[in-house]
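Each chain is listed here by its residues.
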Amino acid sequence: MIIKKYVVSTMNEAVTKIRHELGKDAVIISQRKMRKKGFTGLFSKKVIEVTAAVEEINKSKKNTKNRVEVKKDSVKDSLEAIKKAVEIQRDNKEVVLQQKNVEESIDKNIKRDFNIIKSEDNLLREIKDMKNILNDIMDSKNVSLKNGSPIYKTLRDYDLKEEIIEEIISRMKLESDDLDEKEKLKKVLVSMISVTETKEQGVIVLIGPTGVGKTTTIAKLAGKFALIEKKTVGLITVDTYRIGAVEQLKTYADIMDIPFKVVFSIKDMESAVEAMQNCDVILVDTTGRSSKNKMQISELRAFIDKTHSENLHLVISCTTKNSDIKSIVEGYRVLNYNNVIITKLDETTTYGSILNILKEAKKPLSYVSIGQNVPDDITTLTTEELVNLITGVESIC
Ligand SMILES: Nc1nc2c(ncn2[C@@H]2O[C@H](COP(=O)(O)OP(=O)(O)OP(=O)(O)O)[C@@H](O)[C@H]2O)c(=O)[nH]1
Ligand SMILES: [Mg+2]
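As annotated in an unreviewed UniProt entry, the protein carries the name Flagellar biosynthesis protein FlhF and comes from Clostridium pasteurianum DSM 525 = ATCC 6013. Here is the UniProt Subcellular location (unreviewed entry) comment for the protein, exactly as written: "Cell membrane". For the record of the protein, the UniProt heading Function (unreviewed entry) holds the text "Necessary for flagellar biosynthesis. May be involved in translocation of the flagellum."

Following this line, the structure appears as structure tokens:
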């Protein structure tokens, strides 16, 4: 509390001063009239001594309290701020830590992935190495097969082409172990050969290289159909190129008493076929051409097209060299033959060429010719019979 004395002349003057100095909360504690002290005090004018007080302590307390509260508040704020700052910092640290962790885990993942890739690479390399080793083993096995295996030697004795021998051996490896080598071989050969159910009607055309036996085969077929099967047969030849070719077939036609026509031009072919429409079978003989002569093959094609035949047989001798088989079957392929006739089986002791020819032509076998005799030396064979021939179980005597 602030207590202050005022010596004033009037109370109004005291109140004004008190209000001014102590504020409106100040209270007048006491007042008394008195003479001014000093030398002239006894005779001096009377004055009023006013004592006033004001609750300063409370105010200051309040202020202090306020200050403390303010301080407290500010401390609190500061603390909060610090706390926040710390938290932010910690958060930041955590973020940094988290970031670091994420980075570390990414690093780890990359490293792990890299290791996986590395190990995959290693695995692939190992698989490749193993494959190479296996191939080497297989190769050495093949080499040993080639060099000494009985099956390889046998197949070579059959006169089979090298690539066909390899195919047979690899296919045999896939067969069940319950079967012995002979059974395996037979099974594989049967699967590699196909024979056709020959369509013995309509127009049948024979094509093929020179001297393979086309004309003889035509005569044999004519005899088979006309004499044995009692079919009506017509003969047509376009072979006016070779001297004596027409006479050769005409002789057979006369003996068998069947109609015979010689076609000189492409135009004549259609009318010749039409003239024999009443025949069950029309056999067409063609000029022997080299499969390498594309012009001759195209000319032949023009004749064949006019027959409208869908029954074309490529005639090829089983004595044909392996190296020539490919060029013959490929050279004639443009004519779209759908069957193969193999001739002169009687002229050989090994029959591997049957498979060599059929594998190259990729067409089924219709007939085999087994000698010069007309009409007897022609026959069809089943797959089993062919396999028996190839494997030497049977032979053409
Ligand atoms: N050993 C034997 N000889 C055959 C066979 N087929 C035909 N020949 C003979 O082979 C020779 C030629 O027969 P062709 O029928 O004239 O042959 P081609 O294919 O008509 O000949 P080109 O008309 O000149 O192309 C003849 O001597 C036939 O007797 C057969 O299966 N075995
Ligand atoms: Mg001929």
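Turning to the overall build of the protein, a few remarks are in order. Helix and strand counts for the protein stand at 12 helices and 11 strands. Classification of the 397 residues of the protein by burial places 37% in the buried group. For the protein, long-range pairs separated by at least 24 residues make up 70% of all intrachain contacts whose partners lie at least 6 apart in sequence. For the protein, the exposed surface amounts to about 24,600 Å²; the carbon and sulfur share of it is 53%.

Our focus in this paragraph is the sheet that holds strand 3 (residues 46-54). Across a sheet, strands are paired by hydrogen bonds formed along the backbone, either parallel or antiparallel in direction. Pairing in this open sheet of three strands is antiparallel, and the strands run 1-3-2 from one edge to the other. Each having just a single partner strand, strand 1 (2-8) and strand 2 (27-35) make up the two edges of the open sheet. Each neighbouring strand pair of the sheet contributes to a mean axis angle of 20 degrees, computed without reference to strand direction. Bridging between strand 1 and strand 3 involves seven bridges; their strand directions are antiparallel. Residue pairing for strand 3: K4 is matched across the bridge by A52. Where helix 1 (residues 11-22) meets the sheet, its contacts fall on strand 1, strand 2 and strand 3, and the angle it forms with strand 1 comes to roughly 145 degrees.

Attention now moves to the nonpolar core. The biggest cluster of nonpolar side chains holds 59 residues, and the ones touching the most others in it are I168, I207 and I342. Looking at which domains feed residues into this core, each of domain 2 (155-190) and domain 3 (195-390) supplies at least three. Residue contacts for I342: discarding those within four places in its chain leaves I316, S317, C318, I354, I357, L358, L365, Y367, V368 and S369.

The space that makes up the largest pocket amounts to roughly 390 Å³. As for the largest pocket, its lining consists of 26 residues, and the residues nearest its centre are T210, G211, V212, G213 and K214. It is helix 6 (residues 214-228) that contributes the most residues to the lining of the largest pocket, five residues altogether. Here the residues of the lining of the largest pocket sort into two nonpolar, 15 polar and nine charged. Counted as a void, the second largest pocket has a volume near 260 Å³.

Where helix 6 contacts helix 7 (residues 245-256), the axes come no closer than 10 Å and their chain directions differ by 10 degrees. Taken together, the axes of helix 6 and helix 7 lie roughly parallel to each other. Here T215, T216, I218, A219, A222, G223 and L227 of helix 6 lie close against helix 7, whose contacting residues are Q248, L249, Y252 and M256. Of the residues contributing to the contact of helix 6 with helix 7, the split by class is seven nonpolar, four polar and no charged.

Note that N293 resides in the loop between strand 7 (281-285) and helix 9 (294-307). Between the C-alpha atom of N293 and that of G331, which follows or precedes it by 38 residues, the distance is 8.2 Å.

Once that is clear, we can look at the site of ligand 1. Near ligand 1 there are 19 residues, and of these K214, T215, T216, D346 and S369 occur at the shortest range. Contacts to ligand 1 include K214, whose side-chain N or O atom sits 2.7 Å from an oxygen atom. One of the side-chain N or O atoms of T216 is found 2.5 Å from an oxygen atom in ligand 1. Notes on ligand 1: free accessible area 640 Å², of which the protein chains cover 84%.

Next up on the list: a nonpolar patch on the surface. A cluster of nonpolar side chains, namely M1, I3, V27 and I29, defines an oily patch on the protein surface of about 380 Å² accessible area. Position of V27 relative to the elements: it lies in strand 2.

Here we take up empty space enclosed by the protein. Following the criterion strictly, the structure yields one cavity of 30 Å³ or more and no others. Put simply, the largest cavity is a space of about 30 Å³. As for the largest cavity, its lining consists of T198, K199, E200, I204, L221, F225, N311, H313 and Y367. By residue class, the composition of the lining of the largest cavity is four nonpolar, three polar and two charged.

What counts and how
Residues numbered from 1 in each chain as written. Chains lettered and ligands numbered in written order. Predicted model: local features only at pLDDT ≥ 70, side-chain atom pairs only at ≥ 80, totals over all residues. Heavy atoms only, no water. UniProt positions renumbered as here; feature names shortened; annotations may be inferred. Helix = DSSP H or I, 4+ residues; strand = E, 2+ residues; numbered from the N terminus. Buried < 20%, exposed > 50% of the residue type's maximum accessible area, 1.4 Å probe, protein only. Contact = heavy atoms within 4.5 Å. Areas by Shrake-Rupley, 256 points an atom, 1.4 Å probe, with all protein chains shown as cover. Pairing = 2+ DSSP bridges. Axes fitted to C-alpha atoms, helices over the stretch in contact; angles between N-to-C directions. Core = buried A, V, L, I, M, F, W, Y, C linked by side-chain atoms within 4.5 Å. Domains from an automatic or database assignment. 1 Å grid on protein atoms, 1.4 Å probe; cavity = no way out; pocket = protein on both sides within 12 Å on 5 of 7 lines; lining within 4 Å. Points joined across faces, edges and corners; volume = space filled by probe spheres on them. Nonpolar A, V, L, I, M, F, W, Y, C, P; charged D, E, K, R; others polar. Parallel < 35°, antiparallel > 145°, perpendicular 65-115°, else oblique. Near = heavy atom within 4 Å. Polar contact = N/O pair within 3.5 Å; in protein donor to acceptor, adjacent residues only side chain to side chain. Patch = residues over 30% accessible without salt bridge, like charges linked within 9 Å, V, L, I, M, F, W, Y side chains within 5 Å. Salt bridge = Lys/Arg side-chain N within 4 Å of Asp/Glu carboxyl O.

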